[in-house]
Amino acid sequence: MKNSVANLLPKRPSAGALFSLLVVMLMGSSSSWAANERDGANAQGECEFTDQKQAMLSSINEARRQPRQCGDQDFEAVEPLTWSCKLEAAAEMHSQDMAENDYFSHTDPNGEGIEQRVSTQDYNWQAVGENIAAGHSSVSAVVNGWLESPGHCQNIMSAAFTEMGMAKVNGSDSRYSTYWTQTLGNPR
């Protein structure tokens, strides 16, 4: 099983620029804890919200509800994420590409990364990040793996993110049987 974490991008970078995972951001919103975690999907268009996607969103939000240590960094509980169809589309694009082209990386064979994938979906962002995994068979295995990895855990616990989308693609002809992408964002 393999996991990888993308750097948190706090603002639209110049081509190829990457920023550290830890970024201090002042968030101007004061949204309340979401009773219906999917509320964000309705504002961004309809997408199929499967049981697997609900399980991923619920697992991630359960993790965010508790203070947590990610490596050497302590995190307070943070507000839950809402679902974004645009972030889901970016995640689907990346998982599908990794499966079809048999690679595991945040950068595709053409050199494009998360910022280009999200922008291609017309997601106007102020923060964006990505967690990927390969070979895991279940949501719980992926989320547990990410929470045990400092960089993935930091992305999950970051208050800089308010929305997420995810995709799982089977890659029967590739090195790994499954490719998972979690795309995190905060719109402008």
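Draft legend 1. Broad picture of the state of the cysteines. A complete count under the given rule lists two disulfides for this structure. One disulfide in the model links C47 with C85; its S-S distance is 2.2 Å. The S-S bond linking C47 to C85 shows a torsion near -75°; that makes this disulfide left-handed. Of this pair, C47 sits in the loop between helix 1 (39-43) and helix 2 (51-64) while C85 sits in helix 3 (residues 85-101), placing them 38 residues apart in sequence. Since its relative accessible area comes to 18%, C47 is described here as buried. The partner cysteine of C70 in its disulfide is C153, sulfur to sulfur 2.0 Å. Residues C70 and C153 are joined by a disulfide whose S-S torsion is about -50°; by sign, that bridge is left-handed. Taken together, the residues C70 in strand 2 (residues 68-70) and C153 in helix 6 (residues 150-157) connect sequence positions 83 residues apart. With relative accessibility at 0%, the residue C153 sits in the buried group. Should the bonded cysteines of the protein be numbered as they appear in the sequence, the pairing reads 1-3, 2-4.

Draft legend 2. Seen up close, the nonpolar core. Judged by nonpolar contacts, the single largest core of 28 residues is most densely connected at M56 and M164. Broken down by secondary-structure element, the contributors of at least two residues to this core are helix 2, strand 5 (125-134), helix 5 (139-148), helix 6, strand 6 (163-170) and strand 7 (178-187). In terms of residue count, the dominant contributor to this core is helix 5 (five residues). Discounting residues that sit within four places of it in the chain, M56 has contacts with V139, V142, V143, W146, M164, M166 and W180. Formed by nine residues, the second largest nonpolar core is a distinct cluster that contains M98, V169, Y176 and Y179.

Draft legend 3. Fine view of the packing of helix 5 against helix 6. One way to put it is that helix 5 packs onto helix 6 with a least axis distance of 5 Å and a crossing angle of 105°. Taken together, the axis directions place helix 5 and helix 6 in an arrangement best described as roughly perpendicular. Listed contacts from helix 6 to W146, L147 and E148 of helix 5 are P150, H152, C153 and I156. Across the contact of helix 5 with helix 6, the residue classes tally to five nonpolar, one polar and one charged.

Calculation notes
- Residues numbered from 1 in each chain as written.
- Predicted model: local features only at pLDDT ≥ 70, side-chain atom pairs only at ≥ 80, totals over all residues.
- Heavy atoms only, no water.
- Disulfide = S-S within 2.5 Å.
- Helix = DSSP H or I, 4+ residues; strand = E, 2+ residues; numbered from the N terminus.
- Buried < 20%, exposed > 50% of the residue type's maximum accessible area, 1.4 Å probe, protein only.
- Core = buried A, V, L, I, M, F, W, Y, C linked by side-chain atoms within 4.5 Å.
- Contact = heavy atoms within 4.5 Å.
- Axes fitted to C-alpha atoms, helices over the stretch in contact; angles between N-to-C directions.
- Parallel < 35°, antiparallel > 145°, perpendicular 65-115°, else oblique.
- Nonpolar A, V, L, I, M, F, W, Y, C, P; charged D, E, K, R; others polar.

Just geometry here; none of it tells us what the structure is for.
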